[in-house]
Amino acid sequence: MPSPRVKGKPNPPKAKAATSASNTSTSTSRSTYPIPDAFFTDIDNLATWRLIVETLCKYLDLPDLGTRSGLKKVHANFLEISKRLDTVYAAAQKRGNERLLGAVVGIWAKMCTDAILRDKLFREGLLSKVMPLTEYDSTRHMALNALSLMTHHGGVVARREIALKNPILLNLIQAHPDDAKVLELATVTMAHATSTLLSAEDPPDSRLLKELQVRNVLKTTVESARKPIASFYMIEHTFLFLSSATRHCPQDCKATPGMLTLLVACLRSANLTRRCNALGGLIRYTVNESETDRQNLDPQRLIAAVQRRCPDHLTEILATYGFERCETTLTLRGMADHQSAMMRCAEDHDLCALGRTLATLIQRTEFSIAEGMFQADGPPGRREPIDLGLPFTMWTDALPHCATALRARGTPADQDMADVLDLKFFLIRSPVPDAVVLGQRVIERNPDLAYAYYAISMGPNRQQGLRAAKKGLKCKTTTPFVRQSLLWRAVEHAGDLGVATLQSARAGDGDEAEGIAFLMSAWEDAKTFTVEAPPDNHHMQTILNWYIILTVAIKGPKLSEDLRELADAHHKLDISEQLMNTISFSTTKTELHLTRNLILELYPEAVKEWGAFIKRIDELDFRIEKQKPLSYTQADDDLAAWIENMKLEDGSEEHLHPHPRSHPKISLNNVMLYRCSWCTNPSAVLRKCGGCGKTRYCDGQCQKKHWPGHKTECKRA
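Counting restarts for each chain, with residues numbered from 1 along the sequence as it is written. Residue-level local features of this predicted model are given only where pLDDT is at least 70; pairs of side-chain atoms are given and counted only at 80 or more, and the full residue set underlies all totals for whole chains, interfaces and linings. Side-chain figures throughout are based on the complete set of non-hydrogen atoms in the structure, without hydrogens or water.

## Some points on the environment of Q375
Runs of E in the DSSP output that reach at least two residues are strands. Runs of H or I that reach at least four are helices, and both are numbered from the N terminus. Locating Q375 in the fold gives a position in strand β3 (residues 375–377). Along the primary structure Q375 and T393 are separated by 18 residues, whereas in three dimensions their C-alpha atoms are 9.2 Å apart. We call two residues contacting when some pair of their heavy atoms lies within 4.5 Å. Excluding anything up to four places from it in sequence, Q375 contacts R383, E384, P385 and I386.

In structure tokens:
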């Protein structure tokens, strides 16, 4: 990058190929670039790091590192440029010229904004050249600034190498407790580097965690956040680091005083992104202790439970909702109707009639189709299957045979029922992905068959499942069971996607807004489910857990400190747990169950311990738009700005990451940009309407369905 002329200073001499001169300092044996003594003097007289770096770039005849074309030239001449920089570093090291050492490190840091150059430099031992500079008062801030920027742009390998230097960075913070810049830069560096290793899906090796000193880093980070000299920029990275550490280091998190309460306190922040990131960290904290939610109905236990009768207060609640609409009633009636239909088929062999009955039952309740067979008394104590001339013995095997019979009739209604039977058979007998494939074929024939969307939503692909659930909810004809099941799947998929997206989000790339859009979608559907579904719905606890923790995260400081606004949801949850225990559905300690308990348990303590702190950060957050981070003060830290800025070929500037905010503020209005205008499915890859450019859609099908209501507005635009 060409440097501005320093008033009163001569231009430094160009590097020459000659190796002997009486006025040059000794360089390394492999060097062909002597460093004149006068150059050291010129360097010592320069006022700022940026001037020193620019002067050195000019002396070494380096291309403009602030442009992409300049970095391309570095790629083309990497070995030569690397040799020049190594020569200067060695000469400065020999002369003990700390300022020149720092300047070389600054140039290397700038080169690290290019991923390929960064990896080459790290392979050549860049870190071993940077770390010694943290020991000198004159270069400590410069070296830490370089490390911070390297981790910001670093890949996994580079960040791993830097994370292994955590013990050194911890010692620096302890040795310089009143140095605000050391506190900020060392903390940010550890947060960037360590978070990358802790955020991976697979747990890190235990030996690596020991080398990283995760517990000491957590403890020091939380303690540092409490200091009055802690900058907003540092605290933002503290929040992100703490959220990333919970999945694979729960014991270290638990052993760190104030850490979990700080994450819970973040749920009262005015910053929506901060709240949702904290929620993700709290959910991940419970993963290792959680149980899988697998509820399987035992018909005999259900019948026995009903015969014992519910307690009066639960009976009154079910009566208020309507016994005929309750899941227990529908399930028992469905089981009885299923058995009657099979007995009737045994007499008349009418597979079409059986198929229509079964298709109706399947869309009425989840557990209406139970396994069974036609049996007769055999030897004492045994029952044996009997052949009634039907093409099936096991009752669930009747589903595909009935589907074939219905398709032979050829009417659209019979086709729909046949598809429902096949989908249910696949969900019972085949791997779920097979049911998903079938469901996709079904909606090609009839895009308004809600049960097909339900089958697709049962698949493991979250985005595909969420899209299917949202589309299914827009179908004109459905049943309460199918609608409630689609709401359940929509909440689960959107909630999981929101947490996962926020965990992997990078500042400024839009992922935070997408993640929050997912959580907003989950919250809205959870609210709808809790209003519409019967009190004894076996998914009620799961949805209420989602609703409670998402309400805390989305409403934030609008909620009272005692969370009295959630009293009704808590009451519903208590009733649901009592009902499930009554009908022999045990309460499972899922991630959501444990997260809800954790938040509610720590909330009062969190408000007391960190409430004032969060309010102070929110005030800084409000004012920070016109502020710069501590590391950008004018004097020697203008080098950080130089390293971060990239000039485009048209002369404009591009900032390589948003400063000073590490994660931009997101409002609920931003979130709507990630919602389909028809089905409200959240996604970052929606297609804009080609007419008005205002509405967004999942695909052509959603746009077509939205067109009758949108065309007037679109044509007006």
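## Some thoughts on the nonpolar core
Residues belong to a common nonpolar core when they are buried Ala, Val, Leu, Ile, Met, Phe, Trp, Tyr or Cys residues joined through side-chain atoms within 4.5 Å. Remark: exposure states derive from per-residue accessible area (1.4 Å probe, protein chains only) relative to the maximum for the residue type, with buried under 20%, exposed over 50%, and partly exposed in between. One finds L56 and M111 to be the most contacted residues of the largest nonpolar core, which totals 188 residues. Here this core gets 12 residues from one element, more than from any other, and that element is helix α31 (residues 591–623). The residues contacting L56, other than those within four sequence positions of it, are F39, V88, L100, A103, V104 and I107. If you look at the next biggest cluster of nonpolar residues, it comprises 12 residues, including L314, L318, I583 and F585.

## Examining the pattern of salt bridges
Oppositely charged side chains can form a pair if their charged atoms are brought close together. Any carboxyl oxygen of Asp or Glu that lies within 4 Å of a side-chain nitrogen of Lys or Arg is treated as forming a salt bridge with it. Taken as a whole and judged by the stated rule, the model has 28 salt bridges. Here R407 makes a salt bridge to D422, at a shortest N to O gap of 2.8 Å. With R407 in helix α22 (residues 398–409) and D422 in helix α23 (residues 412–429), this residue pair connects regions lying 15 residues apart in the sequence. Taken together, the shared-partner salt bridges in this structure form one network comprising R407, D416, D419, D422 and R445.

## Looking at the packing of aromatic side chains
Under the pairing criterion, centres of Phe, Tyr and Trp rings, with the six-membered ring standing for Trp, must be within 6.5 Å; the plane angle then separates stacked pairs below 30 degrees from edge-to-face pairs above 60, leaving the rest tilted. According to the stated counting rule, one finds eight aromatic pairs in the structure shown. Here F39 and Y59 contribute two aromatic rings whose centre-to-centre distance is 4.5 Å and whose plane-to-plane angle is 25°, an arrangement assigned as stacked. Of the two residues, F39 is situated in helix α1 (residues 37–45) and Y59 in helix α2 (residues 49–59); the sequence distance between them amounts to 20 residues. F39 sits in the buried class, given a relative accessible area of 0%. Of the residues examined, Y59 reaches a relative accessible area of 1% and is grouped as buried. Where Y454 meets F481, the ring centres are 6.1 Å apart and the plane angle is 70°; that geometry is what we call edge-to-face. Linking Y454 in helix α25 (residues 450–457) with F481 in helix α27 (residues 480–504), this pair joins segments that are 27 residues apart in sequence. Exposure class is identical for Y454 and F481. Each is buried. Here a set of aromatic residues connected by ring pairs shows up, and it is made of F239, W610 and F613. Consider the ring centre and the ring normal. A charge sits over the ring if Lys NZ or Arg CZ is within 6 Å of that centre and within 35 degrees of that normal. The positively charged end of R95 is found above the aromatic ring belonging to F40, 4.2 Å away from the centroid. The cationic tip of R325 hangs over the ring face of Y321; the distance from NZ or CZ to the ring centre is 4.0 Å.

## Things to note about unusual backbone geometry
One non-glycine residue, D61, lies in positive phi territory at about 55°. By the secondary structure assignment, D61 is in the loop between α2 and α3 (68–76). Non-glycine residue T680 carries a positive phi angle of around 65°. Topologically, T680 is positioned in the loop between α33 (668–671) and β7 (687–688). Judged by its relative accessible area of 31%, T680 falls in the partly exposed class.

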